[in-house]
Amino acid sequence: MVATVDEIPPGSSKVVPIGRHGVGVYNVGGTFYAIANYCPHEGGPLCAGRTRGRTVVDESVPGDSVMVRDNEFIYCPWHQWGFELATGTTAVKPEWSIRTYPVRVVGDDVLVTA
């Protein structure tokens, strides 16, 4: 167990001491994700960054863009490389994707399998 559900409410996260750099556990609208706290670009503390969504073109919206998948991506605070919380993939350099971990909620306990 890394936390209780109440310790990580929707829209928040917690870095837990798993492995060499720790693991960030995120609650995105009630779905939990766990991702390594390490950016493969230059070794930055990935989970110290901000979560955001993704902007896509939508010609029906003024300005032609709309935010989708809010808080499903983490951006490294050092150079803003973005990674998808669910998969660890990055559009910047796909071969540099990072490790994610399975998360289960059992009762009120949040469990991460590492």
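Looking at an unreviewed UniProt entry, one finds the protein chain named Rieske 2Fe-2S domain-containing protein and attributed to Nocardia rhamnosiphila.

Colleague: In this structure, what is going on with the UniProt feature "domain: Rieske" (unreviewed entry) in the protein chain? I would like to understand it.
Modeller: UniProt feature "domain: Rieske" (unreviewed entry): in the numbering of this structure it lies at residues 1–112. Note that residues 1–112 is 0% helix and 45% strand, and that its end C-alpha atoms are spaced 7 Å apart.

Colleague: Sorry, what's going on with the sheet that holds strand E5 (residues 50–57) here?
Modeller: To summarise the sheet geometry, strands pair through backbone hydrogen bonds and adopt either a parallel or an antiparallel arrangement. What the three strands build is an open sheet, ordered E5-E6-E7; its pairing is antiparallel. Of all the strands in the sheet, the pair left with one neighbour each is E5 and strand E7 (82–84). Taken pair by pair, the neighbouring strands of this sheet meet at an average axis angle of 60 degrees, ignoring direction. As defined by bridge partners, strand E6 (residues 65–75) adjoins E7 across three bridges and the pair is classed as antiparallel. When the sheet's bridge partners are listed, Phe73 is paired in E7 with Glu84.

Colleague: Would you explain the layout of surface pockets in this entry?
Modeller: Reported here for the largest pocket is a volume of approximately 160 Å³. No other element matches the three residues that E7 contributes to the lining of the largest pocket.

The rules we used
Every chain is numbered on its own, with residues counted from 1 as its sequence reads. With the structure being a predicted model, the display of local features is reserved for residues of pLDDT at least 70 and the display and counting of side-chain atom pairs for 80 or more, all residues being used for whole-chain, interface and lining totals. Note that water and hydrogens are dropped before the side-chain values are worked out from all heavy atoms of the structure. UniProt positions are given in the numbering used here, feature names are shortened, and annotations may be inferred rather than shown by experiment. By the criteria applied, helices consist of DSSP H or I runs no shorter than four residues and strands consist of E runs no shorter than two, each listed in order from the N terminus. Between any two strands, pairing holds if DSSP finds at least two bridges. To get an axis, a line is fitted to the C-alpha atoms, and for a helix only the part in contact is used. The angle between two axes follows their N-to-C directions and goes from 0 to 180 degrees. Grid spacing is 1 Å over the protein atoms alone, the probe is 1.4 Å, and a cavity is where that probe fits but cannot get out, while a pocket is an open set with protein on both sides within 12 Å along at least five of seven lines and lining residues have an atom within 4 Å of a point. Grid points are joined across faces, edges and corners, and a volume is the space filled by probe spheres set on the points.

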